[in-house]
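Commentary on secondary and tertiary structure
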Amino acid sequence: MEDEFYRIKRLPPYVIAEVNAMRHAARQAGRDIIDLGMGNPDLPPAQHVIDKLCEVASKPGAHGYSQSKGIPGLRKAQANYYGRRFGVDLDPEREVVVTMGSKEGLASLATAITAPGDVVLAPNPSYPIHTFGFIIAGATIRSVPTTPNEDYWRALDRAMAFTVPRPSIVVVNYPSNPTAETVDLAFYERLVAWAKENKVWVISDLAYSELYYDGNPTVSILQVPGAKDVAVEFTSLSKTFSMAGWRIGFAVGNQRLISAMTRVKSYLDYGAFTPIQAAACAALNGPQDIVVKNRELYAKRRDVLVESFGRAGWDIPPPKASMFAWAPLPPALKDMGSLEFSKQLLVHADVAVAPGVGYGEEGEGFVRIALVENEQRLRQAARNIRRYLQTMGVNASAA
């Protein structure tokens with residue numbers, strides 16, 4: 001039995017998989033499911049990126065093993081991105097490593113720097129790899145709030161005072177997946193100072209660096225002077241350039257952490273397919289208008305979602321960033337719980353969302369809605385949900 005294995009025993013059932021299985025079964029039965037559950041971009045990459053992939057893939061010498069830490073040109077392209085976007089200087093040789101998406105990178109770093117019994121501070125709710133990457137590596141998780149208010153800082157201080165052994169790592173993820181919350185540079189300045197004082201490594205996941213709205217660009221922890229002494233940061237091309245299936249991400253920052261991670265990766269993989277890495281260079285170095293277009297498109301979808309779902313009787317706070325809305329259950333249905341509510345939407349409204357409890361116990365009472373369908377489909381989802389809510393006695397404002 002698989003549950004006899006040490007690491008498998010440490011993993012709880014993947015709650016979101018339950019809804020995914022129901023969605024798959026519904027589609028197999030021929031139902032038209034509007035899938036707002038997975039953050040899987042529905043937009044294509046820029047044509048010049050696809051052209052570069054094809055060009056390099058047609059070369060006979062491009063099909064051997066690549067470099068585990070990434071080809072030099074791609075590491076340089078990422079360093080240049082940080083320079084122009086955040087004003088941060090990075091050494092492509094010692095402070096940048098290419099990962100197969102930020103998810104694989106976080107897991108590799110966890111393997112490299114944690115020992116069984118180490119304590120890691122991770123947000124709750126959070127994207128599963130922020131906790132399970134470390135759990136698989138043998139560490140213990142102590143939860144801290146995701147919302148970056150004074151309760152967050154009190155939780156950090158309590159954890160340092162009362163946890164044995166003392167925590168050695170803190171994970172942060174802003175813009176947050178799933179809550180879409182954001183922070184300013186003052187937050188990171190305080191976090192870097194706290195980490196130095198308490199001798200804690202900081203792991204920042206900045207996967208949604210370019211999906212910000214209302215003219216408020218995201219910030220990087222590495223913009224804080226001295227942050228590289230304690231921090232490493234992950235980014236990804238998945239959302240920024242609609243290249244999710246290409247599996248290209250980066251870790252940048254502290255040389256000790258990057259070196260440890262690079263060494264572990266060298267035992268685990270030979271890096272991404274070289275033509276994909278070459279095309280990733282084209283994405284980072286080429287015209288950035290696709291990034292702006294994607295951001296504007298997601299912002300329009302956000303506005304359509306908030307407006308149409310609101311008229312359907314479900315008030316959703318507009319996210320400041322990311323490709324997700326973090327939606328509280330309609331008050332009349334809150335006792336149903338996020339998992340059952342997600343199942344009900346699938347069965348009765350043909351709409352798939354992700355139950356908040358799948359991101360940690362503090363996610364109960366919410367669902368995550370991904371902006372991965374066009375505006376017409378979002379309005380259709382709102383109409384379907386409106387009908388379902390009315391059958392449950394929730395009156396739509398436009399009824």
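Described in the following lines is the structure provided in the data block.

The rules behind these values
Residues numbered from 1 in each chain as written. Predicted model: local features only at pLDDT ≥ 70, side-chain atom pairs only at ≥ 80, totals over all residues. Heavy atoms only, no water. Helix = DSSP H or I, 4+ residues; strand = E, 2+ residues; numbered from the N terminus. Rg over C-alpha atoms; globule rule 2.2 N^0.38 Å. Buried < 20%, exposed > 50% of the residue type's maximum accessible area, 1.4 Å probe, protein only. Contact = heavy atoms within 4.5 Å. Lys, Arg positive; Asp, Glu negative; His and termini not counted. Charge placed at Lys NZ, Arg CZ, Asp CG, Glu CD. Disulfide = S-S within 2.5 Å. Pairing = 2+ DSSP bridges.

Observations regarding the overall build of the protein
Across its full length, the protein holds 14 helices and 12 strands. Relative to the compact-globule value of 21 Å for 399 residues, the protein shows a C-alpha radius of gyration of 21 Å, a close match. Taken along its principal axes, the extent of the C-alpha atoms in the protein is 60 × 55 × 50 Å. Expressed as a percentage of the 399 residues in the protein, the buried residues total 55%. In the protein, the share of contacts with a sequence separation of at least 24, taken over all contacts with a separation of at least 6, comes to 75%. Positive and negative side-chain charges of the protein, numbering 43 and 41 respectively, have mean locations separated by a distance of 3 Å.

Observations regarding the state of the cysteines
Under the criterion given, the structure shown has zero disulfides. Cysteine Cys54 shares no disulfide, and the gap to the nearest cysteine sulfur, in Cys281, comes to 16 Å. Classification of Cys54 as partly exposed rests on a relative accessible area of 48%. In this structure Cys281 comes out as buried when scored by relative accessible area, which is 12%.

With respect to the sheet that holds strand E12 (residues 366–370)
As summarised here, the arrangement of the three strands in space is E9-E12-E11, forming an open sheet in which the pairing is antiparallel. At either margin of the open sheet sits one strand with a lone partner, and together these are strand E9 (324–328) and strand E11 (354–355). Relative to E12, E11 runs antiparallel, the two sharing two bridges. Across the sheet, the residue bridging to Ala354 is Arg368, located in E12.

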